[in-house]
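Take a look at the letters that make up each chain.
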Amino acid sequence: MKLAITGKGGVGKTTLTALIAQAYADAGKQILAVDADPSPCLAGALGFPDALRAKLAPISEMDDLIYERTGAKKGQLGGFFTINPRVDDIPERFSVLHRGVRLLEMGAVETGGSGCICPEAAMLKTLFTHLMFRKDEVLLLDMYAGVEHLGRATVDFVDAMLVVVEPTRRSLGTAVQIKKLANDLGLKRLYLVGNKVRNADEAKFLEEETPGLPVLGFLPADLLVQEADRLGIPVYDHVPSLKDAAKNIVDKIK
Ligand SMILES: Nc1ncnc2c1ncn2[C@@H]1O[C@H](COP(=O)(O)OP(=O)(O)O)[C@@H](O)[C@H]1O
Ligand SMILES: [Mg+2]
């Protein structure tokens, strides 16, 4: 199962990714979580210890590695470089494992649309293709906000998309755009997840206004989420209401 977690900025993509990653891991699944945000923060949401986090950096920013593998410096346009560099060792070498969740920081997956022919894009595309053929039972992609970073590479890669929304028209507007783009590119399996839902009225609002996407579940708004962040504890451990909601979601996807 390969899932991309998408949605407007700040709706809770990273929080949801961390929750379902841990829920899958606790259910005994082998899981690879990929942070595809250029400002990674999934490690924090998962509560990875500092010593492990220090080992992580987005692959897209590993200039020496990109040079070593493609034969060209990052940012170089034109000239010669390897468009299918060696990447098979990268997932194991640059990821860290904690409580059953393997985490890789990648940087934005789609780099500036189809026109970008540069070493780091070649590197990420090849790595992405390689990840597709890994034997992990579950692969989660925590996406960069919005729709600009969604494209063919992502859509071809995943089995389904979870579109996270808050009970706001604006976040639903982004969901509409994501649905259209994904459908146009051939991905039909999308689900809505409502986050920061405070009451039955807000849940009803999302049920009624979903852009034709089945609602997979709701996560309550809970001030303990911020407290978990402040204390450096995973939301999964600190916020029972969200842990339960995430487990329900994982059960439904299976
Ligand atoms: N269910 C929730 N209740 C309260 N606050 C939440 C909830 N989910 C997320 N948040 C808060 O909202 C902010 C954005 O969450 P985050 O997961 O980083 O969103 P995204 O990855 O979509 O940008 C964070 O400060 C987080 O603590
Ligand atoms: Mg995020």
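See the structure above.
Participant: Please explain the site of ligand 1 as it appears in this structure.
Facilitator: For ligand 1, the set of nearby residues contains 18 residues, the closest of which are Gly12, Lys13, Thr14, Thr15 and Val225. Listed by contribution, the elements that provide at least two residues to the shell around ligand 1 are helix H1 (13-26), strand E7 (190-197) and helix H10 (224-231). Broken down by class, the residue content of the shell around ligand 1 amounts to six nonpolar, eight polar and four charged.

Participant: Help me out: how do you make sense of the pairing of E7 in this one?
Facilitator: Residues in a regular strand point their side chains to alternate faces of the sheet. With seven of eight residues buried, E7 is to be regarded as a mostly interior element. The pairing of strand E6 (residues 160-165) with E7 spans five bridges and is classified as parallel. Bridge pairing in E7 places valine 164 opposite valine 193. Pairing between E7 and strand E8 (residues 215-220): four bridges, direction parallel. Each bridged residue has a counterpart across the sheet, and for valine 193 the counterpart in E8 is glycine 217.

Participant: Is there a simple way to explain the nonpolar core in this structure?
Facilitator: Note that soluble globular proteins tend to have their nonpolar side chains buried in a common cluster. If you look at the biggest cluster of nonpolar residues, it comprises 75 residues, and the most contacted ones within it are Ile20, Ala21, Leu140, Leu141 and Val163. Among the elements that line this core, the one with the most residues is H1, at eight residues. Beyond its immediate sequence surroundings of up to four residues, isoleucine 20 is in contact with Leu140, Ala246, Ile249 and Val250.

Participant: Help me understand helix H4 (residues 63-70) in this model?
Facilitator: In an α-helix there are 3.6 residues to a turn, and that puts residues three or four apart on one side. All of the buried residues in H4 are Ile66, Arg69 and Thr70. Relative to the axis of H4, the buried residues are bounded by an arc of 80 degrees and lie together on one face. Facing away from the buried side of H4 by more than 90 degrees, the exposed set consists of Asp64 and Glu68. Considering only its buried residues, H4 is in contact with helix H6 (119-132).

Definitions and cut-offs
Residues numbered from 1 in each chain as written. Chains lettered and ligands numbered in written order. Predicted model: local features only at pLDDT ≥ 70, side-chain atom pairs only at ≥ 80, totals over all residues. Near = placed C-beta within 6 Å. Helix = DSSP H or I, 4+ residues; strand = E, 2+ residues; numbered from the N terminus. Nonpolar A, V, L, I, M, F, W, Y, C, P; charged D, E, K, R; others polar. Buried ≥ 20, exposed ≤ 12 C-beta atoms within 10 Å, placed from the backbone. Pairing = 2+ DSSP bridges. Core = buried A, V, L, I, M, F, W, Y, C linked by C-beta atoms within 7 Å. Contact = placed C-beta atoms within 7 Å. Arc of directions from axis to C-beta.

So yeah, pure geometry; function would need other evidence.
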